[in-house]
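Remarks on the overall topology
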Amino acid sequence: MEKFILKYFNLLRTIIAILIGFVISISIILLVSKNSIASLGYLFLGPFGSISRIGNIIELATPIIFCGIAIAIPFQAQQFNVGAEGTFFISAALGTAFALIIQKLNLPGFVYIIVVLTFAGLMGALWGFIPGYLKAKFRANMVVLTLMLNYIAYFISIYLINYHFRDKSAGYLTSYRLPDTVYLKQFIPNTRIHIGFLIAIASVFIAYYFLYHTTLGYEIRMVGFNFHFAKYSGINVFKVIVLSSIIGGIFAGIGGMSEVMGIHRRFLWQSLPGYGWDGVVVSIIGRNNPILIMFAAFFLAYLRIGGQVLNLLSDVPYELISVIEAIIILLITAEAFLENVKYRITVQVAEKEVLENESPS
């Protein structure tokens, strides 16, 4: 039992943190709501109340999964790249512009989709290259770099759409509508779940295989585990830092364009959508493991939809969901949380092994 706890300690600590967050949120609802039992039902069961709500969970989780992977890969190399927000945004804007420019070629639908997604992924890679190179070459602060690049990505994108691809007949800031042939098909009735969701799931397993079953993935994890050991053991840390940022950018770029092609069918964001920051959250909850990130994205989307139902049907404010998220993140990121329990179990296991070795056979 003790060995099981030690082996899965981080996962168990995450589950306990989530449970504590739920207990605190339940306590708050009991205090503030006049009909607390119904409110709890709206929060926890409301997201499963209809097919459309379940669809909303999957729809919301899709871009978060892309951004979570985009964040996790540089995080694995201990590069705190928070640029997925800007990369997601500018790749979607550039991808939209590219899709509109090449529509005259009348490409077959499947080819058209592949070409546009590939272009968006390349734009994400190019945008990811900038902070990766500056960090590796000049030791620039990755957090500051990517935060500033998010603003630059936002203003370049708005300029591009507003001055060159704006649909003036729409009455608000949005691009021209994409051709029907480049849409990602929505395949479940009464929902907006689209092919991009399947691409996101495929991306999870591709990223997992890349990180845990390839040489470059091993080098990325080794640099993150011990930078100096990796350097003196012959790993090219310059290459690892740059490539981890580029690869993360590819996932964010494809995610941004998938959202445009599958949901909106045109670029209509007038502010940063926030999926990149959600990506940071699920990356932390999922401990930078792509498969755990997928579950964390579904969990976060479930909470958000539950919050919307709660806000719509009860007297509890939506802001409560932000409180729950904050509590869970605080507990998960607190390295000292339950660390004393881990220490005691480790000592017990060591003492047992010593006694077993000393006992006469």
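See above for the structure.
Throughout what follows, the structure given in this document is the object of discussion. (Residues numbered from 1 in each chain as written. Predicted model: local features only at pLDDT ≥ 70, side-chain atom pairs only at ≥ 80, totals over all residues. Heavy atoms only, no water.)

**Remarks on the nonpolar core**
- If you look at the biggest cluster of nonpolar residues, it comprises 90 residues, and the most contacted ones within it are Leu 178 and Met 261.
- In terms of residues, this core owes the most to one element, helix H4 (residues 51-76), which gives 14 residues. (Core = buried A, V, L, I, M, F, W, Y, C linked by side-chain atoms within 4.5 Å. Buried < 20%, exposed > 50% of the residue type's maximum accessible area, 1.4 Å probe, protein only. Helix = DSSP H or I, 4+ residues; strand = E, 2+ residues; numbered from the N terminus.)

**Describing helix H12 (residues 275-285)**
- Across the eleven residues of H12, nine count as buried, placing the element largely inside the fold.
- Two residues or fewer past H12, Arg 287 is found with a positive phi of approximately 55°.

**As for unusual backbone geometry**
- With phi around 60°, Gln 78 is a residue other than glycine that occupies positive phi space.
- Positive phi, normally seen in glycine, also occurs at Asn 288, with a value near 65°.
- Following the sequence through the fold, Asn 288 ends up in the loop between H12 and helix H13 (290-313).
- We classify Asn 288 as buried; its relative accessible area is 16%.

**A closer look at the environment of Ser 314**
- Turning to its location among the elements, Ser 314 is positioned in the loop between H13 and helix H14 (319-333).
- When the C-alpha positions of Ser 314 and Lys 34 are compared, they lie 8.9 Å apart, and in sequence the two are 280 residues distant.
- Beyond its immediate chain neighbours, meaning those up to four positions away, Ser 314 contacts Ser 39 and Tyr 42.
- A distance of 2.6 Å separates the side chain of Ser 314 from the backbone oxygen of Leu 310, its partner in a polar contact.
- At 3.2 Å, the side chain of Ser 314 forms a polar contact with the backbone nitrogen of Val 316. (Contact = heavy atoms within 4.5 Å. Polar contact = N/O pair within 3.5 Å; in protein donor to acceptor, adjacent residues only side chain to side chain.)

**A closer look at the packing of aromatic side chains**
- For the structure on display, the rule yields 18 aromatic pairs.
- Here Phe 22 and Phe 299 contribute two aromatic rings whose centre-to-centre distance is 5.9 Å and whose plane-to-plane angle is 80°, an arrangement assigned as edge-to-face. Taken together, the residues span a long stretch of sequence, with Phe 22 in helix H2 (residues 9-32) and Phe 299 in helix H13 at a distance of 277 residues. Each member of the pair, Phe 22 together with Phe 299, is buried.
- Ring geometry for Phe 48 against Tyr 302: centres 5.4 Å apart, planes inclined by 25°, an arrangement best described as stacked. Linking Phe 48 in the loop between helix H3 (36-44) and H4 with Tyr 302 in helix H13, this pair joins segments that are 254 residues apart in sequence.
- Tyr 302 gets classed as buried once you look at its relative accessible area, which sits at 15%.
- By way of ring pairs, the aromatic residues Phe 88, Phe 89, Tyr 154, Phe 155, Phe 267, Trp 269 and Tyr 275 are connected into one cluster.
- The ring of Tyr 183 is capped by Arg 265, whose NZ or CZ atom sits 4.1 Å from the centre of that ring. (Phe/Tyr/Trp six-rings, centres within 6.5 Å; stacked < 30°, edge-to-face > 60°. Lys NZ or Arg CZ within 6 Å of the ring centre and 35° of its normal.)

**What about empty space enclosed by the protein?**
- Evaluated as defined, the whole model comprises two cavities of 30 Å³ or more.
- Lining of the largest cavity is provided by 17 residues; of these, Asn 81, Gly 83, Ala 84, Thr 87 and Gly 128 occupy positions nearest its centre.
- The set of elements that each furnish at least two residues to the lining of the largest cavity consists of H4, helix H5 (84-101), helix H6 (109-138), helix H7 (142-164) and helix H11 (237-264).
- When residues in the lining of the largest cavity are grouped by element, the largest group, four residues, is from H11.
- Tallied by class, the residues present in the lining of the largest cavity amount to eight nonpolar, nine polar and no charged. (1 Å grid on protein atoms, 1.4 Å probe; cavity = no way out; pocket = protein on both sides within 12 Å on 5 of 7 lines; lining within 4 Å. Points joined across faces, edges and corners; volume = space filled by probe spheres on them. Nonpolar A, V, L, I, M, F, W, Y, C, P; charged D, E, K, R; others polar.)

**Details of the environment of Lys 185**
- Secondary-structure assignment places Lys 185 in the loop between H7 and helix H8 (195-213).
- Distance in space between the C-alpha atoms of Lys 185 and Ile 263 is 9.2 Å, their sequence separation being 78 residues.
- In contact with Lys 185, not counting residues within four places along its chain, are Ile 193, His 194 and Ile 195.

**Points about the layout of surface pockets**
- Space inside the second largest pocket adds up to approximately 370 Å³.
- For the second largest pocket, the lining is made up of 14 residues, of which Leu 11, Thr 14, Ile 285, Gly 286 and Leu 292 are closest to its centre.
- For the lining of the second largest pocket, the elements supplying multiple residues, two or more each, are H2 and H13.
- Considering every element that reaches the lining of the second largest pocket, the biggest residue donor is H2, with six residues.

**Structural notes on the side chain of His 194**
- Turning to its location among the elements, His 194 is positioned in the loop between H7 and H8.
- From its side chain, His 194 meets the backbone nitrogen of Gly 196 in a polar contact 2.9 Å long.
- Once residues within four sequence positions are removed from consideration, His 194 is found in contact with Leu 184, Lys 185, Gln 186, Phe 187, Ser 258, Glu 259, Gly 262 and Ile 263.

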